Amino acid sequence: MKPHSVSGVEMRKRQAAHIEAPPQAPGQPRPNTCCLCWCGCCKCLWNEDRIERTERQTCTKMDSIEAAEEQRPSLEELLSWSRSFEMMLRSLEGREIFRDFLRSEYSEDNLLFWLACEELKKETSPSVVDEKARIIYEDYVSILSPKEVGRCVCLSEEHRGSPVSLDSRVREGINQSLTEPSNTMYEEAQLQIYTLMHRDSFPRFLNSSVYRDLLDSRRRTCLDT
C-alpha cells in the first residue's frame with residue numbers, strides 16, 4: 001500500500017490555516033510549530049540554544065580583542081625600543097609611553113614639537129602650511145611661549161646642569177622663514193630637539209620605572225603562557 005501523499009491543494013490549505021491563525025500572546029509558542037521554525041518565533045530549546053551560542057561567540061571575540069589590546073605593546077616591541085630610538089618614535093604606543101615619561105620631567109613639549117613638525121612636512125596646501133607653521137612658532141619657538149622647546153636643563157653626564165635651547169642661528173633662520181613659510185622650515189630645529197631627546201631623555205627613559213615595570217610585566221606574561 002502506497003503511503004498517503006499530500007496534494008498541492010491540501011498543502012496550501014494547511015499553510016493558509018497556519019498563517020491565518022490568531023496571534024499568540026507574547027512569549028507563547030505557536031501551536032503545531034516545529035523547533036526549526038524559520039521565523040525563529042517559537043520559544044524552543046533549539047532557538048534559545050542558537051541565541052546563546054551566538055552571544056557566547058560574540059563575547060569570546062570581544063574578550064580576545066580586549067586581551068590583545070591589553071598586551072600591547074608586545075615584549076618583542078618593547079625590547080626593540082631599547083635598540084632604536086627611531087623605532088620607538090614610529091610606534092604609537094612607544095610615543096605615548098615616552099610622552100608620559102617626558103611629562104614627569106617637564107619636557108613633554110619637546111616631543112610635541114617634533115610631532116608637530118612631522119605633521120607639517122605632510123602638508124602641501126600653502127594656506128594650511130602657513131597656518132600650521134605660525135602655530136608651531138607661537139607654541140614652541142617664541143621666547144614668550146611657556147611651552148618653548150629646549151627650556152629644560154640638560155641632565156646628561158656630559159652637559160649636566162647646562163640649559164638647552166635652540167641655537168641663535170637656527171632661531172634666526174626660523175624668524176626669516178616666517179615671511180614665507182614652508183613645510184620644511186623647522187627641519188634644523190626639529191633635528192636639534194630630536195638629538196636632545198635621543199641623547200639626554202631616552203637613556204633615562206630606558207632606565208626608568210615606567211619602562212622597566214612594563215618590560216617586567218610583559219616578561220611575566222610570556223612565562224605564564
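Residues numbered from 1 in each chain as written. Predicted model: local features only at pLDDT ≥ 70, side-chain atom pairs only at ≥ 80, totals over all residues. Heavy atoms only, no water.

Trainee: What's the story with the overall build of the protein in this structure? I'm lost.
Mentor: Scanning the protein from N- to C-terminus turns up 10 helices and 0 strands. Seen in sequence order, the protein has helices and strands lined up from the N terminus as α-α-α-α-α-α-α-α-α-α. A total of 225 residues make up the protein; the buried ones form 30% of that total. Pairs at least 24 residues apart make up 55% of the contacts formed inside the protein by residues separated by at least 6 positions. When the accessible surface of the protein is totalled, it reaches about 15500 Å², and 54% of it is carbon and sulfur. (Helix = DSSP H or I, 4+ residues; strand = E, 2+ residues; numbered from the N terminus. Buried < 20%, exposed > 50% of the residue type's maximum accessible area, 1.4 Å probe, protein only. Contact = heavy atoms within 4.5 Å. Areas by Shrake-Rupley, 256 points an atom, 1.4 Å probe, with all protein chains shown as cover.)

Trainee: Which parts of the structure should I look at to understand the nonpolar core?
Mentor: Nonpolar side chains in soluble globular proteins generally cluster together in the buried interior. In terms of nonpolar packing, the biggest core is built from 39 residues, with Phe85, Met88, Phe98, Phe113, Tyr186, Met197 and Phe205 touching the most fellow members. Filtering out sequence-adjacent residues up to four positions away, Tyr186 remains in contact with Phe113, Cys117, Leu120, Ala133, Ile136, Tyr137, Val141, Ile174 and Leu178. (Core = buried A, V, L, I, M, F, W, Y, C linked by side-chain atoms within 4.5 Å.)

Trainee: Which parts of the structure should I look at to understand the packing of helix H6 (residues 108–121) against helix H7 (residues 126–141)?
Mentor: Each pair of packed helices can be described by the angle between their axes along with the distance between the axes. At a minimum axis separation of 10 Å, H6 and H7 run at an interaxial angle of 170°. On the basis of the axis angle, H6 is roughly antiparallel to H7. Facing Asp109, Leu112, Phe113, Ala116, Cys117 and Leu120 of H6, the residues of H7 in contact are Val129, Lys132, Ala133, Ile136, Tyr140 and Val141. Classifying every residue of the contact of H6 with H7 gives 10 nonpolar, no polar and 2 charged. (Axes fitted to C-alpha atoms, helices over the stretch in contact; angles between N-to-C directions. Parallel < 35°, antiparallel > 145°, perpendicular 65-115°, else oblique. Nonpolar A, V, L, I, M, F, W, Y, C, P; charged D, E, K, R; others polar.)

Trainee: Looking at this structure, how should I read the pattern of salt bridges?
Mentor: Opposite charge on two side chains makes pairing possible when the charged atoms of those side chains draw close. Summed over all chains, the structure comprises 12 salt bridges. In this structure, Arg204 engages Asp200 in a salt bridge whose closest nitrogen and oxygen atoms are separated by 3.2 Å. Residue Arg204 and its partner Asp200 are located together in helix H9 (residues 187–206), separated by 4 residues, close to a single helical turn. One salt-bridge network, held together by shared partners, links Arg99, Asp100, Arg103 and Glu108. (Salt bridge = Lys/Arg side-chain N within 4 Å of Asp/Glu carboxyl O.)

Trainee: Explanation requested: the side chain of Gln190 in the structure shown.
Mentor: By secondary structure assignment, the location of Gln190 is in helix H9. At 3.2 Å, the side chain of Gln190 forms a polar contact with the backbone oxygen of Trp114. (Polar contact = N/O pair within 3.5 Å; in protein donor to acceptor, adjacent residues only side chain to side chain.)

Trainee: Before we go on, may I ask you to explain unusual backbone geometry in this structure?
Mentor: For residues besides glycine, phi is generally negative; the peptide bonds are generally trans as well. Although it is not a glycine, Tyr106 adopts a positive phi angle of roughly 60°. Here Tyr106 is to be found in the loop between helix H5 (92–104) and H6.

Trainee: Got a minute to help me understand H9 in this structure?
Mentor: Given 3.6 residues per helical turn, the α-helix brings residues three or four places apart onto the same face. With 20 residues, H9 should cover 28 Å at 1.5 Å per step; its first-to-last C-alpha distance of 26 Å lies within 8% of that length. A bend of about 35° at His198 is the largest found in H9. Buried within H9 we find Ala189, Gln190, Ile193, Tyr194, Leu196, Met197, Asp200, Ser201, Phe202, Phe205 and Leu206. (Expected span 1.5 Å × (residues − 1). Bend = angle between axes of the 7 residues up to and from the residue.)

Trainee: How should I be thinking about the packing of aromatic side chains in this particular structure?
Mentor: In this description, an aromatic ring pair is defined by two values, namely the gap between the centres and the angle between the planes. Scanning the entire structure with this criterion turns up 12 aromatic pairs. The interplanar angle of 80° and the centroid separation of 5.3 Å between the aromatic rings of Phe98 and Phe205 together place this pair among those described as edge-to-face. Placement of Phe98 in helix H5 and of Phe205 in helix H9 is noted, with a sequence separation of 107 residues between them. Phe205 shares its class with Phe98; the two are buried. (Phe/Tyr/Trp six-rings, centres within 6.5 Å; stacked < 30°, edge-to-face > 60°.)

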